[in-house]
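An overview of the molecular structure
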Amino acid sequence: MTFFLVVRRNILDLRAEERRRFIGALDLAKNTVHPDYVIATRHYNELIDQERNTTNFQNISIYDFFVWTHYYSVSKTFLGPGQGSAGGIDFSHEGPAFLTWHRYHLMQLERDIQNLLQDPSFALPYWNFAIGGNECDICTDDLVGARSNFDQNLLSPNSVFSRWQVVCEFVEDYESLGTICNNTAGNSIRRNPAGNIARPMVQRLPEPEDVVLCLEVNLFDTPPFFSDSTESFRNTIEGYSEPSGQYNPTVRSLHNLAHLFLNGTGGQTHLSPNDPIFVLLHTFTDAVFDEWLRRHNVDINQYPLEDAPIGHNRQYNMVPFWPPVSNIEMFVLATDNLGYSYDVQWPSK
């Protein structure tokens, strides 16, 4: 398959016109019904309502479909009426597929917006969150929204994103009733960077040195291929280890720390893509992944063939993407295989 090669750049390097175009594209995607997909709002045995002769599918916007796929990948398994739901299965986190799953997730959104704009050169920018300190440098009204002067947990009314409403927020209902996230709009995006005074550790962003150390971790992943793996690049960039790769259950670093720093919608796994800063946070995470692949000249054997959590083994398809896409298809250099590259100035020691 041939792709138009696009370059993902630091959002702070975009000109004012490019920034407006990107923000406008996200807002258009939020308000445009997806032309190719509908979402299921009930589980398999209830997709068809025989009594009403209807189906339990709904239209959803392009951006909210991006939110829905992430929600579905982390949702609990419904056990049946009166039995509630069981957790413990996560197709997109705490395992080798964390990086491959989110890579395809971003590619799908990027291509959907390219099709929406009829512009194959459209590229998602990134947010270099490894800047240290307690300030969100892209939380401005010309980018992802400044803090509201009226409520420190909300976005400024001068930002288009202050008008966005989240989806997939009624998790207790989904888990007790056996429903699935639908297109019902809920509350506004909440964000209060560095505002979690109860957890001082998450009141600062990762440091540039953290990226340097992470890129030096030699192995992609290590047994048990979970959130307690040590000397694992995947677990390190995901943020369950020290930046040097040493597992430490008290630490949250890199990707996880950036999410928790946001202290709001973007810090809750099932909700986080509702905040558009998610896109920029994950493109940078993917940039680190691609740079690690390049520096270590990795082959497919570094990706575990078996013994990873369900959905995370090398040849498994990533849930819930359709048509099916396997993890190993995303374990490649982006420039050579996936149609995009990054323009990043990597920190040095």
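Preceding this section is the structure that the text describes.
Residues numbered from 1 in each chain as written. Predicted model: local features only at pLDDT ≥ 70, side-chain atom pairs only at ≥ 80, totals over all residues. Heavy atoms only, no water.

For the chain, the helix and strand inventory stands at 9 helices and 8 strands. At 20 Å, the chain has a C-alpha radius of gyration in line with the 20 Å of a compact globule built from 349 residues. Residues classed as buried in the chain amount to 52% of the 349 residues present. Across the chain, contacts joining residues at least 24 apart in sequence account for 67% of those joining residues at least 6 apart. Summed over its atoms, the accessible surface of the chain is roughly 15800 Å², and 48% of this surface lies on carbon and sulfur atoms. Averaged over its 24 positive side-chain charges, the chain has a centre that lies 4 Å from the centre of its 42 negative ones. (Helix = DSSP H or I, 4+ residues; strand = E, 2+ residues; numbered from the N terminus. Rg over C-alpha atoms; globule rule 2.2 N^0.38 Å. Buried < 20%, exposed > 50% of the residue type's maximum accessible area, 1.4 Å probe, protein only. Contact = heavy atoms within 4.5 Å. Areas by Shrake-Rupley, 256 points an atom, 1.4 Å probe, with all protein chains shown as cover. Lys, Arg positive; Asp, Glu negative; His and termini not counted. Charge placed at Lys NZ, Arg CZ, Asp CG, Glu CD.)

Moving on, we come to the layout of surface pockets. Of the pockets and cavities examined, the largest pocket occupies roughly 530 Å³. The set of elements that each furnish at least two residues to the lining of the largest pocket consists of β2 (39-40), α2 (62-74) and β6 (77-80). Examining the composition of the lining of the largest pocket, we find that 4 residues originate from one element, α2, more than from any other. Its residues assigned to classes, the lining of the largest pocket comprises 18 nonpolar, 5 polar and 3 charged. If you go around the second largest pocket, you meet 22 residues; those closest to its centre are Tyr-240, His-255, Asn-256, Gly-267 and Thr-269. Of all the secondary-structure elements, those providing two or more residues to the lining of the second largest pocket are α2, α7 (254-262) and α8 (277-296). Considering every element that reaches the lining of the second largest pocket, the biggest residue donor is α7, with 4 residues. (1 Å grid on protein atoms, 1.4 Å probe; cavity = no way out; pocket = protein on both sides within 12 Å on 5 of 7 lines; lining within 4 Å. Points joined across faces, edges and corners; volume = space filled by probe spheres on them. Nonpolar A, V, L, I, M, F, W, Y, C, P; charged D, E, K, R; others polar.)

Attention now goes to the pairing of β6. Of the strand pairs in this sheet, β6 and strand β7 (residues 84-86) are connected by 3 bridges, and their pairing is antiparallel. Of the residues in β7, the one forming a bridge with Phe-78 is Ser-85. Hairpin connection from β6 to β7: 3 residues lie between these consecutive antiparallel strands, with Gly-82 at a positive phi of about 80 degrees. (Pairing = 2+ DSSP bridges.)

What follows is about empty space enclosed by the protein. Going through the model one piece at a time under the given rule, you end up with 1 cavity of 30 Å³ or more. Along the walls of the largest cavity sit Ile-62, Phe-65, Phe-66, His-105, Gln-108, Leu-109 and Asp-112, which together make up its complete lining. Mapped onto the lining of the largest cavity, the elements with two or more residues apiece are α2 and α3 (97-117). Here the lining of the largest cavity gets 4 residues from one element, more than from any other, and that element is α3.

Side chains of Ile-89, Ile-310 and Tyr-316 sit close together on the surface and give an oily, nonpolar patch of about 260 Å² of accessible area. Checked against the element boundaries, Tyr-316 lands in the loop between α8 and α9 (334-337). Since its relative accessible area comes to 39%, Tyr-316 is described here as partly exposed. (Patch = residues over 30% accessible without salt bridge, like charges linked within 9 Å, V, L, I, M, F, W, Y side chains within 5 Å. Salt bridge = Lys/Arg side-chain N within 4 Å of Asp/Glu carboxyl O.)

With that settled, consider the state of the cysteines. Under the criterion given, the structure shown has 2 disulfides. Across the chain, the disulfide pattern expressed with sequentially numbered bonded cysteines is 1-2, 3-4. (Disulfide = S-S within 2.5 Å.)

Counted by the stated rule, this structure contains 24 aromatic pairs. Between the aromatic rings of Tyr-63 and Phe-66, the centroid separation amounts to 5.5 Å while the plane-to-plane angle is 50 degrees, which identifies the pairing as tilted. Here Tyr-63 and its partner Phe-66 are both found in helix α2, 3 residues apart, which amounts to about one turn of the helix. Arranged with centres 6.2 Å apart and planes meeting at 35 degrees, the rings of Phe-289 and Phe-331 form a pair that is tilted. With Phe-289 in helix α8 and Phe-331 in the loop between α8 and α9, this pair connects stretches of sequence that are 42 residues apart. Of the two residues, Phe-289 and Phe-331, both sit in the buried class. One aromatic cluster is present, formed by Tyr-126, Trp-127, Phe-129, Phe-284, Tyr-340, Tyr-342 and Trp-346 through successive ring pairs. (Phe/Tyr/Trp six-rings, centres within 6.5 Å; stacked < 30°, edge-to-face > 60°.)

So, on to the packing of helix α5 (residues 208-215) against α8. For the pair α5 and α8, the least separation of the axes is 10 Å and the interaxial angle reads 40 degrees. Here α5 lies oblique to α8, going by the angle between them. When you trace α5 past α8, the crossing you get is right-handed. Across from Val-211, Cys-214 and Leu-215 in α5, the residues of α8 making contact are Phe-284, Val-288, Glu-291, Trp-292, Arg-295 and His-296. Residues of the contact of α5 with α8, tallied by class, amount to 6 nonpolar, 1 polar and 2 charged. (Axes fitted to C-alpha atoms, helices over the stretch in contact; angles between N-to-C directions. Parallel < 35°, antiparallel > 145°, perpendicular 65-115°, else oblique. Left-handed = near helix turned anticlockwise from the far one by under 90°.)

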